[in-house]
Amino acid sequence: MPSIFGHALAGYAIASAYHQGRPSRRTALLAVACAAAPDLDWFTGFLDVHDRFGLAHRGLLHSVLAAALITALAVCLAYRPRLRRPGPWLFLGTATFSHGFLDACTFGGTGVAFLAPFSSVHFVAAWQPMFVSPIPLSDHLTNWLLFSLGTEALWIGVPAALVILASRYFRRAGLGSSEA
Ligand SMILES: [Zn+2]
């Protein structure tokens, strides 16, 4: 996986793009939470569940089905009066789905079980420019972490910064939208 910082930044950039400018704190937090939520399965590593029940890291919680459910939960909790508006579904869904996409673009991981629980196949992108984040007990942790964060800075940080800056530019130019 990219680090939690990479996923969070992607979520924030998506919220900025949707709102063409600076999203409210609540909107930004929601997008960041949705973008990071699939990695809650990282903690199953302490439970020794391996891939039983699809609960292992990058299993069921990283699937398209889970992303849809996470999005639905977030929209229902935060936008209950506006459930029929496509905006919240669009930007929170994009933030949530960005997680699996970015994970699939990392080199050194196990791939992502996009089709769980219907298939246990783990998918990787044809191009994997980012190095997977190290786990805490890995050897050469510091070097690995720095290299991993460097690839994230290039492939998530730079595009996210461009999206955020462009969003603010369009907002200032009078092309912005109001909060959904
Ligand atoms: Zn992940």
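Thresholds applied
Residues numbered from 1 in each chain as written. Predicted model: local features only at pLDDT ≥ 70, side-chain atom pairs only at ≥ 80, totals over all residues. Axes fitted to C-alpha atoms, helices over the stretch in contact; angles between N-to-C directions. Helix = DSSP H or I, 4+ residues; strand = E, 2+ residues; numbered from the N terminus. Parallel < 35°, antiparallel > 145°, perpendicular 65-115°, else oblique. Left-handed = near helix turned anticlockwise from the far one by under 90°. Contact = placed C-beta atoms within 7 Å. Nonpolar A, V, L, I, M, F, W, Y, C, P; charged D, E, K, R; others polar. Core = buried A, V, L, I, M, F, W, Y, C linked by C-beta atoms within 7 Å. Buried ≥ 20, exposed ≤ 12 C-beta atoms within 10 Å, placed from the backbone.

(A) The arrangement of the packing of helix 1 (residues 4-19) against helix 4 (residues 86-104) in detail. Two elements in contact, helix 1 and helix 4, have axes separated by 9 Å at closest approach and are oriented at 150°. When the axis of helix 1 is compared with that of helix 4, the two are roughly antiparallel. Handedness of the helix 1/helix 4 crossing: right-handed. The segment helix 1 lies against helix 4, with Gly-6, His-7, Ala-10, Gly-11, Ile-14, Ala-15 and Tyr-18 engaging Gly-87, Leu-90, Phe-91, Thr-94, Ala-95, Ser-98, His-99 and Leu-102. Each residue belonging to the contact of helix 1 with helix 4 can be placed in one class, and the counts come to 8 nonpolar, 7 polar and no charged.

(B) Representation of the environment of Ser-120 within the structure. Following the sequence through the fold, Ser-120 ends up in the loop between strand 1 (106-107) and strand 2 (130-131). In sequence terms Ser-120 and Leu-60 are 60 residues apart; their C-alpha atoms lie 8.8 Å from each other.

(C) Focus on the nonpolar core. Among the nonpolar cores identified, the biggest contains 37 residues, and Ala-10, Ile-14, Ala-31, Cys-34, Ala-35, Leu-92 and Ala-95 are the most heavily contacted of them. Among the secondary structure elements, those contributing two or more residues to this core are helix 1, helix 2 (25-36), helix 3 (64-78), helix 4, strand 2 and helix 5 (141-175). It is helix 1 that contributes the most residues to this core, 8 residues altogether. Setting aside its immediate chain neighbours within four residues, Cys-34 contacts Gly-11, Ile-70, Thr-71, Ala-74, Leu-92, Ala-95 and Thr-96.

(D) Main features of the packing of helix 1 against helix 2. Interhelical geometry of helix 1 versus helix 2 gives an angle of 135° and a closest axis separation of 8 Å. Considered as vectors, helix 1 and helix 2 are oriented oblique to each other. Where helix 1 crosses over helix 2, the handedness of that crossing is right-handed. Across from Ile-4, His-7, Ala-8, Ala-10, Gly-11, Tyr-12, Ile-14, Ala-15 and His-19 in helix 1, the residues of helix 2 making contact are Thr-27, Ala-28, Ala-31, Val-32, Cys-34, Ala-35 and Ala-36. Looking at the contact of helix 1 with helix 2, its residues break down into 12 nonpolar, 4 polar and no charged.

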